[in-house]
Amino acid sequence: MLDTTLATSVAEAKRPPTSSPKISPKEFLRDPAHREFLKELLALPTPRRKVIEIGCGQALFSSILADHNYQTLAIDKEWGVIDSNIDFYRDRNYGIPAFALGDAMNLPEVVGSETQEFDWVFSYGFLQHFGDYDLQTLFRAQLAVAKGVIFAVPSDLHLTAERRVVRGMARW
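What this report covers is the structure whose coordinates are included nearby. (Residues numbered from 1 in each chain as written. Predicted model: local features only at pLDDT ≥ 70, side-chain atom pairs only at ≥ 80, totals over all residues. Heavy atoms only, no water.)

1. Concerning the pattern of salt bridges
Within the structure shown, the criterion is met by two salt bridges. A salt bridge links Lys50 to Glu117; the nearest nitrogen and oxygen atoms lie 2.6 Å apart. Here Lys50, found in strand E1 (residues 50–54), pairs with Glu117, found in the loop between helix H5 (107–111) and strand E4 (118–124); they are 67 residues apart in sequence, far enough to count as distant. The same class applies to Lys50 as to Glu117, namely buried. Measuring nitrogen to oxygen at the nearest pair gives 3.2 Å for the salt bridge that ties Arg90 to Asp87. With Arg90 and Asp87 both in helix H4 (residues 79–90) and three residues apart, this pair spans about one turn of that helix. Accessibility expressed as a relative area gives 29% for Asp87, which makes it partly exposed. (Salt bridge = Lys/Arg side-chain N within 4 Å of Asp/Glu carboxyl O. Helix = DSSP H or I, 4+ residues; strand = E, 2+ residues; numbered from the N terminus. Buried < 20%, exposed > 50% of the residue type's maximum accessible area, 1.4 Å probe, protein only.)

In C-alpha cells:
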C-alpha cells in the first residue's frame, strides 16, 4: 500500500542544488490554459479521489487538486525536483501532495501496486518528450495503476495568444 504522507525521509539524503524558481498555485492559474485544464480535471469522474501526476515538475496541479480534497501523488524522476517541492510545500498554506521519486515508465513499481487503485494518472506538458515506443510503455504503466489517463501536450494552437485554452492542445 502506498504511503501518501509528505515524504520527509527524502530530506535525510544528500541534497543536490535546486534550481527553478517557484510560483504559487494562484499565480499558476492566471494562465487560461492552466485554468481550463484544471476545470476539465475537476469535472472527471473520480470515485476514490485518488490521482497521480507524472513528470510533476513543481506539482502545481497536484497541489490544487489536494486543495479540492483529492489524494494526490506527484511523481518525478529527478531528485532535485522532489526535494525542492518538499521544501516549498512544507511551510505554505497550499494543498500538499504526496511525492515519490520514480520513473513513470515503472509506475507499478513506484506505487507498489498493479491494482488500478487510482482513478486516473495525468500529465501536463510531459508526453511530448517521448517517442512512439516509449509512449506505449508509458500508457501501459499508467493503465496498470489507474482506470484512466489524462494528458495535455503543447501544440501550435496552444502557443497562440487567442487560443491558449485546452481546445488548443493536442489530447486524445
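2. Section: the nonpolar core
Within the largest apolar cluster, 24 residues are counted, with the highest numbers of intra-cluster contacts made by Phe37, Leu41, Phe61, Leu65, Phe99, Trp120 and Phe122. Residue assignment for this core shows that the elements contributing at least two residues are helix H2 (32–43), helix H3 (60–67), H4, E4 and strand E5 (146–152). Counting 21 residues, the second-largest nonpolar core is a separate cluster that includes Ile75, Val111, Phe118 and Ala141. (Core = buried A, V, L, I, M, F, W, Y, C linked by side-chain atoms within 4.5 Å.)

3. Here's the deal with the side chain of Asp119
Secondary-structure assignment places Asp119 in strand E4. One buried charge, Asp119, has no salt-bridge partner; the nearest side chain with opposite charge is Arg48, at 4.0 Å. Within polar-contact distance, the side chain of Asp119 engages the backbone nitrogen of Arg48 at 3.1 Å. Those residues in contact with Asp119, other than ones at most four positions away along the chain, are Thr46, Pro47, Arg48, Arg49, Lys50, Ala146, Lys147 and Gly148. (Lys, Arg positive; Asp, Glu negative; His and termini not counted. Polar contact = N/O pair within 3.5 Å; in protein donor to acceptor, adjacent residues only side chain to side chain. Contact = heavy atoms within 4.5 Å.)

4. Observations concerning the pairing of E4
With seven of seven residues buried, E4 is to be regarded as a mostly interior element. Two strands pair when backbone bridges link them, and E1 and E4 are joined in this way by three bridges, in the parallel orientation. The partner of Ile52 across the bridge, within E4, is Val121. By the bridge criterion, six bridges tie E4 to E5 in an arrangement that is parallel. Bridged to Val121 within E5 is Val149. Read from E4 through helix H6 (residues 132–145) to E5, the crossover connection turns out right-handed. (Pairing = 2+ DSSP bridges. Right-handed = clockwise from strand over helix to strand, strands pointing away.)

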